[in-house]
There are 2 protein chains.
Amino acid sequence: MVKRPMNVTKFAIPEIIFGRGSMVHVGQCARRLGARRVFLVSDEGLEKSGWVERVQTILEAESLEWVYYGDVNSNPRDWQVSHGAKLYLETGADVILAIGGGSPIDAAKGIAILAGNGGSIADYEGANRIERPLPPTIFLPTTAGSGSDISQFCIITDVERQLKMSIISRSLVPNISIIDPLILLTKSQELIIASAIDALAHAVESYVSRIASPFTEIQALRAIELIMRNLRHAVEDRDLDALEQLSIASTAAGMSFSNAGLGAGHALAHSLGGMFDILHGLVHPILLPAVMRFNTPACQEKMGAIGRLVVGRADMPSRLAAEAGIEVLREYFADLGVPVRLRDILPDRSPLAQLAGASAGDACNLTNPRQADVESLLGICEEAW
Amino acid sequence: MVKRPMNVTKFAIPEIIFGRGSMVHVGQCARRLGARRVFLVSDEGLEKSGWVERVQTILEAESLEWVYYGDVNSNPRDWQVSHGAKLYLETGADVILAIGGGSPIDAAKGIAILAGNGGSIADYEGANRIERPLPPTIFLPTTAGSGSDISQFCIITDVERQLKMSIISRSLVPNISIIDPLILLTKSQELIIASAIDALAHAVESYVSRIASPFTEIQALRAIELIMRNLRHAVEDRDLDALEQLSIASTAAGMSFSNAGLGAGHALAHSLGGMFDILHGLVHPILLPAVMRFNTPACQEKMGAIGRLVVGRADMPSRLAAEAGIEVLREYFADLGVPVRLRDILPDRSPLAQLAGASAGDACNLTNPRQADVESLLGICEEAW
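Residues numbered from 1 in each chain as written. Chains lettered and ligands numbered in written order. Predicted model: local features only at pLDDT ≥ 70, side-chain atom pairs only at ≥ 80, totals over all residues. Heavy atoms only, no water.

### Considering the sheet that holds strand β5 (residues 95–100) of chain A
Stated formally: In this analysis, strands are considered paired if DSSP registers two or more bridges between them. Secondary structure follows DSSP: runs of H or I at least 4 residues long count as helices, runs of E at least 2 residues long count as strands, and numbering of each begins at the N terminus. Orientation is described by axes fitted as lines to C-alpha atoms, over the contacting stretch for helices, and by angles from 0 to 180 degrees between their N-to-C directions. Working rule for contacts: check all heavy atoms of both residues, and any pair within 4.5 Å makes them a contact.
Pairing in this open sheet of seven strands is mixed, and the strands run β4(A)-β3(A)-β5(A)-β7(A)-β10(A)-β2(A)-β1(B) from one edge to the other. Where the open sheet ends on each side, the last strands, each with one partner, are β4 (65–69) of chain A together with β1 (9–11) of chain B. For this sheet the average axis-to-axis angle between neighbouring strands, irrespective of direction, equals 20°. Most of the contacts of helix α5 (residues 102–117) of chain A go to β5(A), to which it runs at about 165°, and overall it touches β3 (37–41), β4, β5 and β7 (137–141) of chain A.

### Overview of the domain arrangement of chain A
Residue and element names in this part refer to chain A. For the record, the criterion: Source of the domain bounds: an automatic or database domain assignment. The term buried area denotes the loss of accessible surface (1.4 Å probe radius) that occurs when two parts are joined, taken as the sum for both partners. In the sections that follow, a salt bridge refers to a side-chain nitrogen of Lys or Arg positioned within 4 Å of a carboxyl oxygen of Asp or Glu.
Taken domain by domain, chain A consists of domain 1 (15–182) and domain 2 (188–384). Measuring from the centre of the C-alpha atoms in domain 1 to the corresponding centre in domain 2 gives 25 Å. The interface of domain 1 with domain 2 comprises 24 residues on the first partner and 32 residues on the second. Between domain 1 and domain 2, the buried area comes to about 2,400 Å², and carbon and sulfur atoms account for 58% of it. Three residues, R20, A144 and K164, lead the burial of domain 1 against domain 2; their summed loss comes to 23% of the area buried on that side. Where domain 1 meets domain 2, there are three salt bridges.

### Observations regarding the interface of chain B and chain A
Listed per partner, the contact involves 34 residues of chain B and 34 residues of chain A. When chain B packs against chain A, the two sides together hide about 2,800 Å² of surface, and 62% of this comes from carbon and sulfur. Counting across the interface, chain B meets chain A through two salt bridges. In this structure, B:E15 and A:R170 form a salt bridge, with 2.6 Å as the shortest nitrogen-oxygen distance.

### A closer look at helix α11 (residues 300–311) of chain A
All names here are of chain A. The test is simple: Expected span of a helix: the number of residues minus one, times 1.5 Å. Burial status follows relative accessibility: with a 1.4 Å probe on protein chains alone, a residue under 20% of its type maximum counts as buried, one over 50% as exposed, and anything between as partly exposed.
An ideal rise of 1.5 Å per residue puts 16 Å on 12 residues; α11 measures up with 16 Å between its terminal C-alpha atoms. Of the residues making up α11, those classed as buried are K302, M303, G304, A305, I306, G307 and V310. Lining the buried residues of α11 we find α6 (189–207), α7 (214–237), α10 (284–295) and α12 (318–335). Backbone geometry just after α11 places G312 at a positive phi near 80°.

### As for the sheet that holds strand β3 (residues 37–41) of chain B
With mixed pairing, seven strands are arranged side by side in an open sheet as β1(A)-β2(B)-β10(B)-β7(B)-β5(B)-β3(B)-β4(B). The open sheet has two edge strands, β1 (9–11) of chain A together with β4 (65–69) of chain B, and neither has a second partner. Strand-to-strand twist in this sheet, taken as the mean axis angle between neighbours without regard to direction, amounts to 20°.

### Digging into unusual backbone geometry
Residues and elements named next belong to chain A. A positive phi angle, close to 60°, is found at N128, a residue other than glycine. One can find N128 in the loop between β6 (126–127) and β7. Its identity is not glycine, yet R238 carries a phi of approximately 50°, on the positive side. Summarising the element assignment, R238 is placed in the loop between α7 and α8 (240–260).

### Comments concerning the packing of helix α10 (residues 284–295) of chain B against helix α12 (residues 318–335) of chain B
Residues and elements named next belong to chain B. Filter applied, for reference: Angle categories: roughly parallel below 35 degrees, roughly antiparallel above 145, roughly perpendicular from 65 to 115, and oblique for all the rest. Note on residue categories: nonpolar means Ala, Val, Leu, Ile, Met, Phe, Trp, Tyr, Cys or Pro, charged means Asp, Glu, Lys or Arg, and polar means any other residue, Gly included.
Here α10 crosses α12 at 170°, and the two axes come no closer than 10 Å. Looking at the two axes, α10 sits roughly antiparallel to α12. Within the contact between the two elements, α10 uses H284, P285, L288, P289, M292 and R293 and α12 uses E323, I326, E327, L329, R330 and F333. Along the lines of polarity and charge, the residues of the contact of α10 with α12 split into seven nonpolar, one polar and four charged.

### Observations concerning empty space enclosed by the protein
All names here are of chain A. Which entries qualify depends on this criterion: Using protein atoms alone on a 1 Å grid, points that fit a 1.4 Å probe yet trap it form a cavity, whereas open point sets bounded by protein on both sides within 12 Å along at least five of seven lines form a pocket; residues with an atom within 4 Å of a point count as lining. Grid points are joined across faces, edges and corners, and a volume is the space filled by probe spheres set on the points.
Here the structure, examined in full by the defined rule, presents five cavities of 30 Å³ or more. Of the volumes computed, that of the largest cavity is approximately 100 Å³. Around the largest cavity sit 15 residues that line it, and P141, T143, A144, I179 and S247 are the ones nearest its centre. The greatest single-element share of the lining of the largest cavity, amounting to three residues, is contributed by α8. Of the residues contributing to the lining of the largest cavity, the split by class is seven nonpolar, six polar and two charged. Counting only domains with at least three residues in the lining of the largest cavity, you end up with domain 1 (15–182) and domain 2 (188–384). Here the second largest cavity defines a volume of roughly 80 Å³.

### Details of the nonpolar core
For soluble globular proteins, the rule of thumb is that nonpolar side chains tend to be buried together. Selection criterion: Within this scheme, the nonpolar core is defined by two criteria: the residues are buried Ala, Val, Leu, Ile, Met, Phe, Trp, Tyr or Cys, and they are joined through side-chain atoms within 4.5 Å.
Counting 108 residues, the largest nonpolar core has A:L231, A:I306, B:L231 and B:I306 as its most contacted members. Discounting residues that sit within four places of it in the chain, B:I306 has contacts with B:V204, B:Y207, B:V208, B:I224 and B:M292.

### Here we look at the relation of the copies chain B and chain A
Put simply, the rule reads: Least-squares fitting of one copy onto the other uses the C-alpha atoms of those residues that reach a pLDDT of at least 70 in both copies.
Overlaying chain B on chain A yields an RMSD of 0.0 Å, the required transformation being a rotation through 180° with an accompanying axial translation of 0.0 Å. Within this description, the copies of the chain are treated as partners about a two-fold rotation axis. Closest approach to the rotation axis among the C-alpha atoms of chain B is made by B:I13, whose C-alpha sits 3.7 Å away. In this assembly, 100% of the residues forming the interface of chain B have copies in chain A that are likewise at the interface, indicating an isologous arrangement.

### What about the pattern of salt bridges?
Applying the stated criterion across every chain, the model contains 42 salt bridges over all chains. Here B:D277 ties to B:R77 by a salt bridge, and the two come within 3.5 Å at their closest N and O atoms. Note that B:D277 is positioned in the loop between α9 (264–275) and α10 and B:R77 in the loop between β4 and α4 (78–91), a separation of 200 residues in sequence. When its relative accessible area of 53% is taken as the criterion, B:D277 is described as exposed. Taking relative accessible area as the criterion, B:R77 reaches 18% and is therefore assigned buried. Overlapping salt bridges bring together A:R293, A:E323, A:E327, A:R330 and A:E383 as one network.

### A word on the pairing of strand β7 (residues 137–141) of chain B
All names here are of chain B. In terms of burial, β7 is largely enclosed, as five of its five residues are buried. Residues T137, F139 and P141 of β7 are buried on one face, and the alternating residues I138 and L140, pointing to the opposite face, are buried as well. Sheet analysis places strand β5 (residues 95–100) next to β7, joined by five bridges and oriented parallel. Within the sheet, the bridge partner assigned to A98 lies in β7 and is F139. Where β7 meets strand β10 (residues 176–179), two bridges bridge the pair, whose relative direction is parallel. Within the sheet, the bridge partner assigned to F139 lies in β10 and is S177.

Structure representation (structure tokens):
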């Protein structure tokens, strides 16, 4: 941990209920928040795998009514949020509950914003633009990665502008996050990898963020350590202990990035996701090493701390460890069999300039440890090409 | 970190605002919670040192009215809580704000309980007995130790029964904790030591608690490390960086014990504090080593992890490290010049039986890793004599 004088810092997380089978508490939690009619947000995949019905059954056992909204897909759209908010208000629901990966949870956050504040979701793009309270929220993450169940971030795609809007506000931290690692047993290998790498990127970017604090740094380092130690075992053997450790890692990374912010990697990932409908987690193996290399001159000690964890050698000096960590991560991603170059997912270089331009204005770019202008962001894309 | 199958676990902490000068945000925070007339709880010491007036000035600058209640002393009494609650209701205040060590904060929690639920404070002794919501609360700790600004614990002395009641409830976690390490510069050496050792005891007891979780364990270990590394420098040189690290340690220990509970040491400390009006933190150097020795057979691996941090040797096997850690702590406490034997603070052995009897029923005893009946508790007292 690097010691230095600190500015005033804030740290806010939801109440967390964690453990195998913890989903069963969702009814009591909703009731504790004053629910009579729960607005349940999820998606088609979770309907098919039976988890949506399971939640509905638990709510009914607690004598709670529910209204279901499942019109959400990966990278949720602005219109899906406004349709959801309209339905929430029309049906007189009182608590918003989402079960899903980052997409249904972000959609639920967007719905909560509009339900409590009106207007259109683009009105709230950026940091601290939500002024009125939201309905109470409970989130059940079904992937170990997005951290959206913990965070004050909400990412919604603006269809017309072809970009993902970052909406950041203290009031987006839910009341309760219920994290049940048993759900991970039903997830595909690809989704487990993409989610874990998203969590790893959250941890790395927030650890070196301009506004990291001792409260976030400890969580970031822990997430990196747990992911490096458990991902392979979780994926290859679908080992429940290892999957549970990935859930803990994702939660820790969520505590970190929610309060410390992210960086240029997520700024680029949001723009890329706005232009092309790509699984968010699969963007990071491509971008993260190049972003780390760009950032190292601004935070060599911290990159060294990350490197020592990644390489697994506590005695390595920072300069060497920073270098070695990036290389080991590059190989690690390649071994996982995911795309590791931008050319693997884009048809040609032509979108790169638009990509860099859109990323420069993303709210995540503000906390990047090294100033990243359009030219620097284009350089990162070129390195990742 | 010891890995084992986990039950469902809960983790709840307040929103934290941390940093030098962060006190200045207290007015905005109160306003955010809907305040118009703040009920301010503190004590004579903080009036004299000027901090109460400072808070009043900040509230006034935010155009907030305040009602002051300062009739609180060390180990706050049941009648002080009921008087405070009566005043809160009579004056139509709407947010409860405490500035102080554990005593004013615990008194404020008691006042909040009665303001929201009525009855007498003894009605709420034990775990989860508060059913109705409390007024919003903001706490500003002025010591780095009690953790009461973070925790779901409230300790109030029952004058008639001569014991400290442990009241434990999720609803005692405040809305906001504002932690300003600058305040520590005005504190006595004795208070800094007593507070830091209280935080150390919170960390050690909660780390080995029956209901510790990965979310609490990481905070406990970190608190132990920071206290061992910074206490001497903070006390001898009144170094602000070291004092700030003690604040972080106390906050981390608070996150841990609030969610994992404590053990036999705090059960004994509460009984001792109920029978004799002793500064709470000064009880732990006497009790903690004996409690650790008693508990070791039930949690040798974890005592080993504590020992390795205390001794500062990462390579020591657990059995040796557990032993060595206890001995190093014993010497460390003695070097700090605080009482280290029960005979230093009690006139004779005659209260020991009553002490052990009262402790066995304390709520903290439920989470001790090794069952501690009256006889075992008497044995711990004898070892500490």
